Amino acid sequence: MVRFATALAIGVLAGTLGGFQAQAQTAAPVVAKNVVLVHGAWADGSSWAEVIPYLQAAGLKVTAVQNPLTSLEDSVAATRRALALQDGPTVLVAHSWGGTVISETGVDPKVSALVYVAARGPDAGEDFVALSGKFPTGAVRAGIREHDGFTKLSEESFLKYFANGVEPKKAEVLYAVQEPTAVSLFGGRTTVAAWRSKPSWYAVSKLDQTINPDLERFLARRMNATTVELDAGHLSLVSHPREIADLILAAAGHKE
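For clarity, every value in this text was computed on a predicted model and none was experimentally measured.

Novice: Please set out the overall build of the chain residue by residue, giving values where relevant.
Specialist: From N to C terminus, the chain includes 9 helices and 9 strands. Relative to its 256 residues, the chain shows a buried fraction of 55%. Total accessible area on the chain stands at roughly 10,600 Å², and carbon and sulfur atoms take up 55% of it.

Novice: Go over the side chain of Asn-67 with me, naming the residues and quoting the values.
Specialist: Within the secondary structure layout, Asn-67 lies in the loop between strand 2 (61–65) and helix 2 (72–84). The class for Asn-67 is buried, based on a relative accessible area of 0%. Contacts of Asn-67, omitting those with residues within four sequence positions, involve Val-38, His-39, Ser-75, Trp-97, Val-101 and Glu-179.

Novice: Explain the packing of helix 5 (residues 155–162) against helix 6 (residues 168–176) to me, using residue names and the numbers behind them.
Specialist: In the contact formed by helix 5 and helix 6, the axes pass within 10 Å of each other and the chain directions differ by 130 degrees. Put simply, helix 5 runs oblique to helix 6. As for how helix 5 packs across helix 6, the hand of that crossing is right-handed. Contacts between helix 5 and helix 6 involve Glu-155, Phe-158 and Leu-159 from the first element and Ala-171, Glu-172, Leu-174 and Tyr-175 from the second. Counted by class, the contact of helix 5 with helix 6 contains 5 nonpolar, no polar and 2 charged residues.

Novice: Run through the packing of aromatic side chains, naming residues and quoting values.
Specialist: Under the definition given, this model contains 6 aromatic pairs. Ring geometry for Trp-42 versus Phe-186: centroids 5.5 Å apart, planes at 40 degrees, classification tilted. Residue Trp-42 is found in the loop between strand 1 (34–38) and helix 1 (52–57), and its partner Phe-186 is found in the loop between strand 7 (181–182) and strand 8 (200–205); the two are separated by 144 residues along the sequence. The class for Trp-42 is buried, based on a relative accessible area of 6%. Pairing Phe-158 with Tyr-175 gives two aromatic rings, centres 5.6 Å apart and planes at 70 degrees, and the pair type is edge-to-face. With a gap of 17 residues between them, Phe-158 in helix 5 and Tyr-175 in helix 6 connect regions that are remote in the sequence. Classification of Tyr-175 by relative accessible area gives partly exposed; the value is 25%. Through a chain of ring-to-ring contacts, the aromatic side chains of Trp-42, Phe-158, Phe-162, Tyr-175 and Phe-186 assemble into a single cluster.

Novice: Any details on the packing of helix 2 against helix 3 (residues 98–105)? Residues and values, ideally.
Specialist: Helix 3 packs onto helix 2 with a crossing angle of 60 degrees between their chain directions and a minimal axis gap of 9 Å. Looking at the two axes, helix 2 sits oblique to helix 3. For the crossing formed where helix 2 meets helix 3, the hand is right-handed. Contacts from Leu-72, Ser-75, Val-76, Thr-79, Arg-80 and Leu-83 in helix 2 reach Thr-100, Val-101, Glu-104 and Thr-105 in helix 3.

Novice: Can you break down the pairing of strand 4 (residues 111–117) residue by residue, with the values?
Specialist: Among the 7 residues that make up strand 4, 7 are buried, leaving the element largely enclosed by the rest of the structure. Remark: the strand 3 (residues 90–95)/helix 3/strand 4 crossover connection has right-handed handedness. Sheet topology places strand 4 next to strand 8; 4 bridges connect them, and they run parallel. From the neighbouring strand, Val-117 faces strand 8, where its bridge partner is Ala-203.

Thresholds applied
Residues numbered from 1 in each chain as written. Predicted model: local features only at pLDDT ≥ 70, side-chain atom pairs only at ≥ 80, totals over all residues. Heavy atoms only, no water. Helix = DSSP H or I, 4+ residues; strand = E, 2+ residues; numbered from the N terminus. Buried < 20%, exposed > 50% of the residue type's maximum accessible area, 1.4 Å probe, protein only. Areas by Shrake-Rupley, 256 points an atom, 1.4 Å probe, with all protein chains shown as cover. Contact = heavy atoms within 4.5 Å. Axes fitted to C-alpha atoms, helices over the stretch in contact; angles between N-to-C directions. Parallel < 35°, antiparallel > 145°, perpendicular 65-115°, else oblique. Left-handed = near helix turned anticlockwise from the far one by under 90°. Nonpolar A, V, L, I, M, F, W, Y, C, P; charged D, E, K, R; others polar. Phe/Tyr/Trp six-rings, centres within 6.5 Å; stacked < 30°, edge-to-face > 60°. Right-handed = clockwise from strand over helix to strand, strands pointing away. Pairing = 2+ DSSP bridges.

Listed below in structure tokens is the structure:
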């Protein structure tokens, strides 16, 4: 698939996508009718609950994958099952570790665009742990607790660092439903990098204390993504759902 070029230094996107700056792409995106959402570590599909109504109101069919977080292979299989059920062009979206999944599965011919929300975006075969080690470690790391090969975040770390910027009551609910995440998950390596062949969009969280914002910026530049920056913590999909939905709608070729 011919890659959509990203124009450099074009300025503020017309319509503003909620009032923040973005790079603009020179070619119009394929109009998609479906969106598949992939959550990250220490979360489940309900993390997209604030974004989904905006997408549905725009007439899109939305599917939130229940990512098992047991292995990269299991998570990839779950997303492929969801993609197999889509009819027509589909925007594939991921938050956090879910970016690893869509980088592997996004080569599916149904996928018309990729959207990364404060997400990993590994290259094929890349040691992402080594790459992230080149950037300062997020404060959330100190709160990781391991038991029987799975990890969860402590309540303090989840609420203070993982969900910074989220309304406290919502953050407490998200803490309650966090999905245990296999220790081995973060070392999994992809065999392809779908962003090398598919147009990509990226939402950087400027206040992120889980994935370093400068690492997010590096990933966005590397994939030539249309990029927006939000005054948000790691869970921008919860604290800034309108802006995230607008970015997904742009990737789907839907005007506001």
